[in-house]
Amino acid sequence: MYDIDEIKAQWASQRPDLDTEPMMLIGRLIRVSAQMSQQMAATFAQHGLSAASFDVLATLLRSGPPHALSPNQLLETMMVTSGTMTNRIDQLVKEGHVVRIKNPDDARSVLIQLTPKGASVIDAAVTDHVQTQRRLVAPFGASEQEKLNEILQAYLDRLAAAR
């Protein structure tokens, strides 16, 4: 894999008219994201989960008792299509991590609820996930983490405002 500075030098040689500073920043952000995703995926895999199944189960767990949400509520928290969500739920039902129950507030709909098995799996996975995240940010001291978090939030805010 090419070093980002080497890529910049190649562009400078081929297209000296281009300002490639943004390419360097974005390239580094992409590489950081990929590294984090790989390490978090390894943690999820230790619990028999994918990032997608972790997201669904974690959303149900953090929703609080009775750890049940409608498919639409789950969709609101994730950037996927309804078909993708249905497939995720179907897989989690097959694995015994969730069940579909009748919605007590609307007989025409269902809720997706964690099973005891699903709750146990996601509870252990979340514990390990937080440890993985702590390890991933450990190269930065607390004040650096705070500053980086502020910078990234400001960046996200500005991107959202620019839409």
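Predicted, not measured: the structure shown is a model, and the values here were computed from it.

S.K.: Looking at this structure, I do not really get the side chain of Thr43. What am I missing?
M.R.: By the secondary structure assignment, Thr43 is in helix α2 (residues 21–45). A relative accessible area of 5% means that Thr43 is categorised as buried. A polar atom in the side chain of Thr43 sits 2.6 Å from the side chain of Thr132. Setting aside residues no more than four positions away along its own chain, Thr43 makes contact with Asp128, His129 and Thr132.

S.K.: When you look at the packing of helix α3 (residues 51–62) against helix α6 (residues 116–137) in this model, what are you seeing that I'm missing?
M.R.: At a minimum axis distance of 10 Å, the contact between α3 and α6 shows a crossing angle of 105 degrees. One finds that α3 runs roughly perpendicular with respect to α6. Counted together, Phe54, Leu57, Ala58 and Leu61 of α3 and Ile122, Asp123, Ala125, Val126 and His129 of α6 form the full contact between these two elements. Looking at the contact of α3 with α6 residue by residue, the class counts come to seven nonpolar, one polar and one charged.

S.K.: Is there a simple way to think about the UniProt feature "domain: HTH marR-type" (unreviewed entry) in the protein in this case?
M.R.: In the numbering used here, UniProt assigns the "domain: HTH marR-type" (unreviewed entry) feature to residues 22–157. Summarising residues 22–157: 69% helix, 12% strand, and an end-to-end C-alpha distance of 18 Å.

S.K.: It is not clear to me how the pattern of salt bridges should be interpreted in this structure. Could you clarify?
M.R.: A side chain with one charge can pair with a side chain of the opposite charge if their charged atoms come near. Using the criterion set out here, one finds five salt bridges in the structure. Between Arg15 and Asp17 there is a salt bridge, and its shortest N-O distance comes to 2.7 Å. Overall, the relative accessible area of 55% leaves Asp17 in the exposed class. Note that Arg100 is salt-bridged to Asp90, the shortest N-O span being 2.5 Å. One end of the pair, Arg100, is in strand β2 (residues 98–103); the other, Asp90, is in helix α5 (residues 82–94), and ten residues separate them in sequence.

S.K.: Could you clarify how one ought to interpret the domain arrangement of the protein in this entry?
M.R.: Often, the extent of an interface is quoted as the loss of accessible area upon association of its parts. Taken domain by domain, the protein holds domain 1 (1–47) and domain 2 (48–132). Between domain 1 and domain 2, the C-alpha centre-to-centre distance is 33 Å. Taken over both partners, the interface formed by domain 1 and domain 2 buries close to 790 Å², and the fraction arising from carbon and sulfur atoms is 65%. Area buried by domain 1 at its contact with domain 2 is led by Thr43, Phe44 and His47, which between them contribute 81% of it. The interface formed by domain 1 and domain 2 includes zero salt bridges. The tally of links between domain 1 and domain 2 comes to seven residue pairs in polar contact (both at pLDDT 80 or more). Its residues assigned to classes, the side of domain 1 that touches domain 2 comprises three nonpolar, four polar and no charged.

S.K.: It is not clear to me how α2 should be interpreted in this structure. Could you clarify?
M.R.: At 3.6 residues per turn, the α-helix brings residues three or four places apart onto the same side. Taking 1.5 Å of rise per residue, 25 residues should cover 36 Å, and α2 covers 36 Å from first to last C-alpha, within 8% of that figure. Regarding α2, the residues found buried are Met24, Gly27, Met40, Thr43 and Phe44. As for α2, its buried residues are in contact with α1 (4–14), α3 and α6.

Thresholds, definitions, all that
Residues numbered from 1 in each chain as written. Predicted model: local features only at pLDDT ≥ 70, side-chain atom pairs only at ≥ 80, totals over all residues. Heavy atoms only, no water. Helix = DSSP H or I, 4+ residues; strand = E, 2+ residues; numbered from the N terminus. Buried < 20%, exposed > 50% of the residue type's maximum accessible area, 1.4 Å probe, protein only. Polar contact = N/O pair within 3.5 Å; in protein donor to acceptor, adjacent residues only side chain to side chain. Contact = heavy atoms within 4.5 Å. Axes fitted to C-alpha atoms, helices over the stretch in contact; angles between N-to-C directions. Parallel < 35°, antiparallel > 145°, perpendicular 65-115°, else oblique. Nonpolar A, V, L, I, M, F, W, Y, C, P; charged D, E, K, R; others polar. UniProt positions renumbered as here; feature names shortened; annotations may be inferred. Salt bridge = Lys/Arg side-chain N within 4 Å of Asp/Glu carboxyl O. Domains from an automatic or database assignment. Buried area = accessible area lost by both parts, 1.4 Å probe. Expected span 1.5 Å × (residues − 1).

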